[in-house]
Amino acid sequence: MHLNPYGQYAVLLAASLANDWPAERAGIEARTREFGMTMAFPEASDDHRLTRGVIDDWLRVVDAGDHVVRARILNDHMAAAAAYPRLADHDNEGWHLHYRDDEQSLPRVLRAVISVGTALHLSTRGMHRLRRCAAGEAPGDGCTAVVVDVTRNGRQRYCSVRCANRAAVRRHRAR
């Protein structure tokens, strides 16, 4: 059995969807593939709208003011997911964990995977490793991108090199 990567890929998937929302359902499913999810999802007409709700709920975790509130919100999300972990060996790829029942809808699977993945990420790497881009804290900079800190030292504050450089230039000019 190999180590399950739900923590990192799931939280990075959520951030990717939050930072660059696909215009249609197919874009959401394509993004799940980019981040390593291989299962097919049955289609429903409200998948796009309901998945947006999952991401909006997840952003409440990102924006939580303290760790206790963040944990409470995340626990509520995991309780609402109503899927329990189970071992699976589909496509003979090796045994691994799934957080879904068979034939679950795209939004329900993403709620389970993202909430469990976020909990794993925060509990193993640190509750502070999920935030909005620090460039958005500066007057006149509207960057609100989500930053998932997967760095070794746990100090990632910006969503991109571009935002980090703009902030450095602002600090330099202020001096």
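Anyway, here's the lowdown on the structure attached to this text.

Analysis parameters
- The written sequence of each chain sets the order in which its residues are numbered from 1.
- Residue-level local features of this predicted model are given only where pLDDT is at least 70; pairs of side-chain atoms are given and counted only at 80 or more, and the full residue set underlies all totals for whole chains, interfaces and linings.
- Only hydrogens and water are set aside; all other atoms, that is, all heavy atoms of the structure, feed into the side-chain values.
- Put simply, DSSP H or I for four residues or longer makes a helix, DSSP E for two residues or longer makes a strand, and each gets a number counted from the N terminus.
- Contact criterion: two residues are considered in contact whenever any of their non-hydrogen atoms come within 4.5 Å of each other.
- Each reported salt bridge corresponds to a side-chain nitrogen of Lys or Arg within 4 Å of a carboxyl oxygen of Asp or Glu.
- Think of it in three bands: residues with accessible area under 20% of the maximum for their type are buried, residues over 50% are exposed, and the middle band is partly exposed, with areas taken using a 1.4 Å probe on protein chains only.
- Computed over the protein atoms alone on a 1 Å grid, cavities are sets of points where a 1.4 Å probe fits but cannot get out and pockets are open sets with protein on both sides within 12 Å along at least five of seven lines; a residue lines them when it has an atom within 4 Å of a point.
- Grid points are joined across faces, edges and corners, and a volume is the space filled by probe spheres set on the points.
- Side-chain atoms alone can form a polar contact between residues adjacent in sequence; in general such a contact is a pair of N or O atoms within 3.5 Å, and within protein one must be able to donate a hydrogen while the other accepts it.
- For this analysis, a ring pair means two rings from Phe, Tyr or Trp (six-membered ring only for Trp) whose centres lie within 6.5 Å, classed as stacked if their planes differ by under 30 degrees, edge-to-face if by over 60, and tilted for the remaining angles.
- Any Lys NZ or Arg CZ that is within 6 Å of a ring centre and within 35 degrees of that ring's normal is treated as a charge sitting over the ring.
- Convention adopted: a line fitted to C-alpha atoms gives each axis, helices being fitted over their contacting stretch, and angles between N-to-C directions are expressed from 0 to 180 degrees.
- The cut-offs work like this: below 35 degrees is roughly parallel, past 145 is roughly antiparallel, 65 to 115 is roughly perpendicular, and the gaps in between are oblique.
- Each residue gets one of three labels, nonpolar for Ala, Val, Leu, Ile, Met, Phe, Trp, Tyr, Cys and Pro, charged for Asp, Glu, Lys and Arg, and polar for the others, Gly among them.
- Remark: nonpolar core denotes a set of buried residues (Ala, Val, Leu, Ile, Met, Phe, Trp, Tyr, Cys) joined through side-chain atoms within 4.5 Å.

## Examining the environment of Asp141
Then, number 1: Here Asp141 lies in the loop between strand 3 (130–132) and strand 4 (146–148).
Then, number 2: Separated by 22 residues in sequence, Asp141 and Cys163 have C-alpha atoms that sit 9.2 Å apart.
Then, number 3: Not counting the four nearest positions on each side in its chain, Asp141 is found in contact with Ala135, Gly136, Arg166 and Arg170.

## A few points about the pattern of salt bridges
Charged atoms that come close allow side chains of opposite charge to pair.
Then, number 1: Across all of its chains, the model carries 9 salt bridges by this definition.
Then, number 2: Put simply, Arg25 and Asp47 hold a salt bridge, and the shortest N to O gap is 2.6 Å. Remark: Asp47 occurs in helix 3 (residues 47–62) and Arg25 occurs in helix 2 (residues 25–34); sequence separation between them is 22 residues. Asp47 matches Arg25 in its accessibility class, with the two residues each being buried.

## Some details on empty space enclosed by the protein
Then, number 1: Considering all chains together, one arrives at 1 cavity of 30 Å³ or more under this definition.
Then, number 2: Considering only enclosed or pocket space, the largest cavity measures out at about 40 Å³ in volume.
Then, number 3: Residue assignment for the lining of the largest cavity shows that the elements contributing at least two residues are helix 3 and helix 5 (106–125).
Then, number 4: For the lining of the largest cavity, the element with the most residues is helix 5, which contributes 3 residues.

## Structural notes on the environment of Arg25
Then, number 1: When its relative accessible area of 10% is taken as the criterion, Arg25 is described as buried.
Then, number 2: A C-alpha to C-alpha distance of 9.0 Å links Arg25 and Ser45, two positions 20 residues apart in sequence.
Then, number 3: In contact with Arg25, not counting residues within four places along its chain, are Phe41, Pro42, Glu43, Ala44, Asp47, His48 and Leu106.
Then, number 4: Reaching out from Arg25, the side chain makes a polar contact with the side chain of Asp47 at a distance of 2.6 Å.

## What to know about the packing of aromatic side chains
Then, number 1: The final tally for this structure, using the stated rule, is 0 aromatic pairs.
Then, number 2: A cation sits over an aromatic face here: Arg52 above Trp21, 4.8 Å from the ring centre.

## Considering the packing of helix 3 against helix 4 (residues 67–81)
Then, number 1: Between helix 3 and helix 4, whose axes approach to 8 Å, the crossing angle comes to 155°. Classified by the angle between their axes, helix 3 and helix 4 sit roughly antiparallel to one another. From helix 3, Asp57, Trp58, Arg60, Val61 and Val62 reach across to helix 4, where they touch Arg70, Ile73, Leu74 and His77.
Then, number 2: Among the residues forming the contact of helix 3 with helix 4, the class breakdown is 5 nonpolar, 1 polar and 3 charged.

## Quick word on the nonpolar core
The tendency in soluble globular proteins is for nonpolar side chains to be buried as a group.
Then, number 1: Core analysis: the largest hydrophobic core is formed by 30 residues, its most contacted members being Met37, Trp58, Leu59, Leu110, Leu130 and Val146.
Then, number 2: Every element with two or more residues in this core is listed here: helix 1 (6–19), helix 3, helix 4, helix 5 and strand 4.
Then, number 3: Top contributing element to this core by residue count: helix 1, with 8 residues.
Then, number 4: In contact with Trp58, not counting residues within four places along its chain, are Val11, Ala14, Ala15, Ala18, His77, Ile114, Thr118, Leu130 and Val146.
Then, number 5: In this structure, Ala135, Cys143, Val147 and Ala167 belong to the second largest nonpolar core, which totals 9 residues.

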